[in-house]
Amino acid sequence: MMARQRDENPAGIHLPLDPLPGHSSRGRLERVLRRGEFAVTTELNPPDSADPEDVYNRAKIFDGWVDAINAVDASGANCHMSSVGICALLTRMGYAPIMQIACRDKNRIAIQGDVLGGAAMGVANMLCLTGDGVQAGDQPGAKPVFDLDSMSLLETVRIMRDNGKFLSGRKLTTPPQVFLGAAVNPFAPPFDFRPIHLGKKIAAGAQFVQTQYCFDVPMFKTFMQKARDLGHTEKVFVLCGVGPLASAKTAKWIRSNVPGIHIPDAVIKRLEGAQDQKKEGKQLCIDIINEVKEIPGVAGIHVMAYRQEEYVAEIVDESGVLKGRQPWKREVRRDDQIVADRLDRILHDEITETQVDMVKTAH
Amino acid sequence: MSDKEPAVTQATLVKKAAPKSDYKPADVSPQRRVQRSFAVRLWSIRHSRLLEWFYSRFADAFLLLHPLWKGLGYGRVEAPIKFVEKRVKGFMFDCRMCGQCILSSTGMSCPMNCPKQLRNGPCGGVRANGNCEVEPNMPCVWVKAWEGSQNMVNSDKILAVQKPVDQSLRETSAWLRVTAQAAAAREAAANAGTGAAA
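Residues numbered from 1 in each chain as written. Chains lettered and ligands numbered in written order. Predicted model: local features only at pLDDT ≥ 70, side-chain atom pairs only at ≥ 80, totals over all residues.

Caption draft 1: Focus on the nonpolar core. Residue and element names in this part refer to chain A. Judged by nonpolar contacts, the single largest core of 97 residues is most densely connected at Ile69, Met126, Cys128 and Val209. The element best represented in this core is helix α10 (residues 277-292), accounting for 6 residues. Setting aside anything within four residues of it in sequence, one finds Ile69 in contact with Thr42, Leu44, Ala59, Phe62, Leu90, Tyr95, Ala96, Pro97 and Ile98. (Core = buried A, V, L, I, M, F, W, Y, C linked by C-beta atoms within 7 Å. Buried ≥ 20, exposed ≤ 12 C-beta atoms within 10 Å, placed from the backbone. Helix = DSSP H or I, 4+ residues; strand = E, 2+ residues; numbered from the N terminus. Contact = placed C-beta atoms within 7 Å.)

Right, dumping it as structure tokens:
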């Protein structure tokens, strides 16, 4: 019997886990969070290609460091491989994707279909987003759909899961078992409304939330204080969004061009003063993680290292948030390994095996 | 933010990239082109408490007239009522005639003016100065909705999770719908009351 990793189905890594009482999904992320472990999620940079290897290679660098991988849905309104497609590939390989659903591109008919399709492929986590406006991306002439908003999308999926019905009331034969997520941005106005807005999202069905990039820890602390006072942190797992900044120039560009990301002057000053700005950006990210992990109510971090994905492992390692725990890692199965070794020997070693010799070595 | 917000909209980029011609459309999003300046809309939000009071009286008056609407036939009065409603609400709130008005739950700030038509709260893209991510010169509809709702008596109505917009009700009269529904509810309550008594 080969040693099995925690949260892995013995019948196959791509299969859903056993249902647990109180769990709404059969996925790994919900188990990690409900066990009270500090969760780490990240984002896969979606390829502009039709090659599955591009997805696998991009997922491989997170192996053993993250509990779930966000499959983004045309983030920034730029065309990329779809989140459904990425999820189809990742679930085959046993990864735990978080399927992002943005309301910008699909109406309620398409979205409900994708929810069923995703859940059937083994997607256990879905993140409901509004989505950036089309003006932000590479196709500003596209028609913005926004048929649902993030809140009504959450409610739609929750109704599908808990009531086993479409939005129209038509019955589902097998409801999707998903762990529902939402996004929150504590760093954009109206600041008083944001914690209340989180409460609305919880009421609509959010079980975990990922925040926008946190570069202003005091501001995040204030938000969390209000969320705790309102009792939200008992009902939802908050994953704080963090990420490395490549340089002071990038930080300034993001600040003035990407709405919703708040970068204080102190951060830019610190980067400007550094010898190696990239290294300092990484260190800054680790410092922020070390601060936010101590805030009561923070259940994990969401590391967004766009085009710096190779740093995710280092950031998670050096910040020590996993406390020695190793998240699920894709491993070659022992029988596959035996076959591979054997093939390797036959193909590359200059030997001629005869049945007689094989019998001798077998004894 | 210390840096000045650059007012680079997508329309600017598109305009720059477009081939040279004498006609250049205004530098705003397509949605913004069909709207006027939002001075009146902002006035309505500032006076949300007054309008809330007025609206509830107005709804009562409409409900009183229910026998009249019913007598004339709701279908027959729809066109003239819609004509008035569209112009009045269009002037006051930049109404989009979604047909399912929730102004009293959104601080008298019409959520259909949000470029993403969000009916449940702001998106994460609100600029540091409180303006919209899509239209940098327009105050965020939901920042204003929050301000407006805080002045109102029923300030917690903003907490209700709104259902998705029923697109099949667009360009219909929300006033008549609400009145007919209220009348039906009143009748149902009356029937239940007499049923219990009998």
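After that view of the structure, there is still more to cover.
Caption draft 2: Region of interest: the packing of helix α3 (residues 39-46) of chain B against helix α6 (residues 74-93) of chain B. All names here are of chain B. With their axes 6 Å apart at the nearest point, α3 and α6 run at an angle of 85° to one another. Considering the angle they form, α3 stands roughly perpendicular to α6. Across from Val40, Arg41 and Ser44 in α3, the residues of α6 making contact are Phe91, Met92 and Phe93. (Axes fitted to C-alpha atoms, helices over the stretch in contact; angles between N-to-C directions. Parallel < 35°, antiparallel > 145°, perpendicular 65-115°, else oblique.)

Caption draft 3: Fine view of the interface of chain A and chain B. With 31 residues of chain A at the contact, the number on the chain B side is 32 residues. Where the side of chain A that touches chain B is concerned, the elements lending two or more residues are α5 (150-162), α6 (193-204) and α8 (248-257) of chain A. At 6 residues, α6(A) tops the list of elements feeding residues into the side of chain A that touches chain B. Here the side of chain A that touches chain B is composed, by residue class, of 13 nonpolar, 10 polar and 8 charged. (Nonpolar A, V, L, I, M, F, W, Y, C, P; charged D, E, K, R; others polar.)

Caption draft 4: Geometry of the sheet that holds strand β5 (residues 179-184) of chain A. Residues and elements named next belong to chain A. Taken together, 8 strands build a closed barrel; the order of strands is β1-β2-β3-β4-β5-β6-β7-β8 and the barrel is parallel. Averaged over all pairs of adjacent strands, the angle between strand axes in this sheet comes to 30°, irrespective of strand direction. In this structure, strand β1 (residues 39-44) lies alongside strand β2 (residues 68-71), joined through 4 bridges in parallel fashion. By the bridge assignment for β2, Thr41 is matched with Ala68. Packing against the sheet, α5 makes contact with β3 (97-102), β4 (125-129) and β5, and its axis sits at approximately 150° to β4. (Pairing = 2+ DSSP bridges.)

Caption draft 5: View of unusual backbone geometry. Omega for the bond connecting A:Pro189 with A:Pro190 falls within 30 degrees of zero, at -10°, which places this linkage in the cis form. Mapping A:Pro190 onto the fold places it in the loop between β5 and α6. Non-glycine residue B:Asp94 carries a positive phi angle of around 55°. Position of B:Asp94 among the secondary structure elements: in the loop between α6 and α7 (141-150). The exposure class of B:Asp94 is buried, given the 20 C-beta atoms found within 10 Å. A positive phi is found at B:Met108, a non-glycine position, where the angle reads about 65°. Taking the C-beta count within 10 Å as the criterion, B:Met108 has 27 such neighbours and is therefore assigned buried.

Caption draft 6: Broad picture of the confidence of the model for chain B. All names here are of chain B. For chain B, per-residue confidence averages 87 on the pLDDT scale, and residues scoring 70 or more make up 83% of the total. Least confident of the elements in chain B is helix α1 (residues 10-17), whose mean pLDDT is 65; most confident is α7, at 96. A low-confidence stretch, residues 1-5 stays under pLDDT 50, and its non-local contacts, those more than four residues away or across chains, total 8 contacts. The ipTM, which scores confidence in the relative placement of chains, is 0.87 for this predicted complex, and the corresponding pTM is 0.89. (pLDDT = per-residue confidence, 0-100.)

Caption draft 7: Representation of the environment of A:Val72 in the model. All names here are of chain A. With respect to the element layout, Val72 can be found in the loop between β2 and α3 (83-92). Taking the C-alpha atoms as reference points, Val72 and Phe215, 143 residues apart in sequence, are found 22 Å from one another. Every residue in contact with Val72, bar those within four places of it in the chain, is listed here: Glu43, Pro46, Ser83 and Gln100.

Caption draft 8: View of the packing of helix α9 (residues 265-272) of chain A against α10(A). Residues and elements named next belong to chain A. Viewed as axis vectors pointing N to C, α9 and α10 meet at an angle of 140°, and their least axial separation amounts to 9 Å. Classified by the angle their axes make, α9 and α10 are oblique. Residues Val267, Arg270 and Leu271 of α9 form the contact with α10, whose own contacting residues are Gln277, Glu280, Gly281 and Leu284. Residue composition of the contact of α9 with α10, grouped by class: 3 nonpolar, 2 polar and 2 charged.

Caption draft 9: Examining the pairing of strand β6 (residues 208-213) of chain A more closely. Residues and elements named next belong to chain A. Within β6, 6 of the 6 residues are buried, which leaves the element mostly enclosed by the surrounding structure. Of the strand pairs in this sheet, β5 and β6 are connected by 4 bridges, and their pairing is parallel. Its bridge partner being in β6, Ala183 is matched across the sheet by Gln210. Pairing analysis gives 4 bridges linking β6 to strand β7 (residues 237-242), with the strands arranged parallel. Across the sheet, residue Val209 finds its bridge partner in β7, namely Val238.

Caption draft 10: Just the environment of A:Ile196, in detail. Looking at the element boundaries, A:Ile196 is found in helix α6. Here the alpha-carbon distance between A:Ile196 and A:Ile69, two residues 127 residues apart in the chain, equals 28 Å.

Caption draft 11: How the structure looks around α6(A). Look at α6(A): 16 Å from first C-alpha to last across 12 residues, which is about the 16 Å you get at 1.5 Å a residue. In terms of burial, α6(A) is a largely internal element, 9 of the 12 residues being buried. Those residues of α6(A) that are buried lie in contact with α5, β5, β6 and α7 (217-229) of chain A together with α7 of chain B. The positive-phi residue at the C-terminal boundary of α6(A) is A:Gly205, with phi of around 135°. (Expected span 1.5 Å × (residues − 1).)

Caption draft 12: Fine view of the confidence of the model for chain A. Taken over all residues, the pLDDT of chain A has a mean of 93, while the share at 70 or more is 99%. Considering each helix and strand of chain A separately, the mean pLDDT is smallest for helix α13 (residues 355-362) of chain A, with a value of 81, and largest for β7(A), with 98.

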